[in-house]
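# Analysis of the macromolecular model
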Amino acid sequence: MTLAPKLLFADPKGRVMEHPYLLATLRSGEELVPPQDKPIPLPSAGRLVHLPGRLPVGIDPETGELELVREIKMNGKTFVPNAVGALLPPGYTRTFLPGEVKADGPVLPQWAYTAAAWGEDGPVAWAIHTDKRSHWDPEKYSTPELKKIVDAHLARFPGNRVLKQLTTCAMLYRCFTSQNIFYVRDEGAIPASVMCNARCVGCISDQPADGPPASHERMNDGPTGEEMGQIGLYHLEHAPGRTMVSFGQGCEGEPLTRWKFIAEAIRYMREHTSRGSININTNASLTKGLEALFDAGLDAIRVSLNSASKELYEAYYKPVKYGWEDVEASIALARERGAYLALNLLLFPGVTDREGEVKALERLVKKYKVDQVQTRSLCIDPIQYLEVARDKGAGGEPVGIRTLLRRLKAARPGLVIGNFARGLEERENAANTRR
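Scope of this entry: the structure provided in the associated data block. All of these numbers come straight from a predicted model, not from anything done at the bench.

So, how was this worked out
- Residues numbered from 1 in each chain as written.
- Predicted model: local features only at pLDDT ≥ 70, side-chain atom pairs only at ≥ 80, totals over all residues.
- Heavy atoms only, no water.
- Pairing = 2+ DSSP bridges.
- Helix = DSSP H or I, 4+ residues; strand = E, 2+ residues; numbered from the N terminus.
- Buried < 20%, exposed > 50% of the residue type's maximum accessible area, 1.4 Å probe, protein only.
- Right-handed = clockwise from strand over helix to strand, strands pointing away.

### Here's the deal with the sheet that holds strand S4 (residues 31–33)
Paired through their backbone hydrogen bonds, the strands of a sheet run either parallel or antiparallel. Across the sheet, which stays open at both edges, the three strands sit in the order S4-S3-S13 with antiparallel pairing between neighbours. Among the strands making up the open sheet, the edge pair consists of S4 and strand S13 (97–98). In the sheet, strand S3 (residues 26–28) pairs with S13 via two bridges, with the strands oriented antiparallel. Bridge assignment links arginine 27 to a residue of S13, and that residue is leucine 97.

Right, dumping it as structure tokens:
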């Protein structure tokens, strides 16, 4: 007989413990619910974290009733517990949020908090292993020789402002895509912009004074087209096997606000090599600028969105001088130009999987023949996002993240569900394999 997972909580010092008898609860949007599906063992690169100022909610195994845990007495001491969640490594998509309610606490730091509990054999989390490719294995990053190879690359391109930013991202924030530039492999980052034309509620590089601390410091000196082109060209020419470079990273603003410089960088790269793929991660706001990038040689695009419904999209992105209609126009342009078209879907259980939201996403992936949906668990305080999403967008009851992903694949045969970027050459390879 399989025992139901136990509730986890943390003491004031952040030490995580198993509740003596209460079972775990999950959050789906506004609702606290019993476990809905089987959790997975917490991945080795995942970790448990406490949620300061959030009270855990468990289930009494005898009555089945929800129980808010306001205080706990252990070893003769009484304290107010903190709820506990999990942070997952790349390649996983959460299906539920931690079962908790807000008490007297701050806005939580910007991480993708996932429901966690204590199972028969240790910690478990509610998630799907959505991308099993091993090239993003955390053990391959932040290795002992990283500092040495960073220094070697800096010496190769002295004074290059792209590498100055990437050094911070690779060494301080441990960004995998930034580290790839120095390891010279896979997808390499090329930050481009200090500006943004959106005011995303969950922006990781720019937050208002009353918001949570930004998890990254935004770059403050935009590089030239030649500087970006030099770094991108070296990566495309020297990275073994599958390779690509990507404009638009978490440490910067919106890359399309500097489309003229990026177009110059792309032309520089393509004048010297046809190897690899050139991608942009973007909010797709400036269709004219995107058209110029396709003219220069851009062949892949990943469009970031939290919803395919205008109201909810604009409530979260808070766009400046653009709207959802511009985003969809850019998606249409990408399909017209034959680029590899991916959506960076910022997933939030209980909101993204509402019936109306699912239908809107089904329409989008079907109409524009989207190649890939990259599921990205939204890094934000759950309560903060629920305040944004309340009564916004397409409604209906949540169908579950697993059902959402199945329906998207059914709406667009051949759609790839994953977490890591792919390029135009991979679409062509897949087509050749099917022949």
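### Topic: the pairing of strand S20 (residues 277–282)
For a regular strand, side chains alternate in direction, first toward one face of the sheet and then toward the other. Of all six residues in S20, six are buried; the element is thus mostly enclosed. Residues Ser277, Asn279 and Asn281 line one face of S20 and the alternating positions Ile278, Ile280 and Thr282 line the opposite face, and both faces are buried. By the bridge criterion, four bridges tie strand S19 (residues 243–247) to S20 in an arrangement that is parallel. Directly across from methionine 244, in S20, lies its bridge partner serine 277. In this sheet, strand S21 (residues 300–305) lies alongside S20 in parallel orientation, the contact comprising four bridges. The residue of S21 that forms the bridge with asparagine 279 is alanine 300. Since S20 and S21 lie parallel, the crossover through helix H6 (residues 287–296) that links them has a hand, and here it is right-handed.

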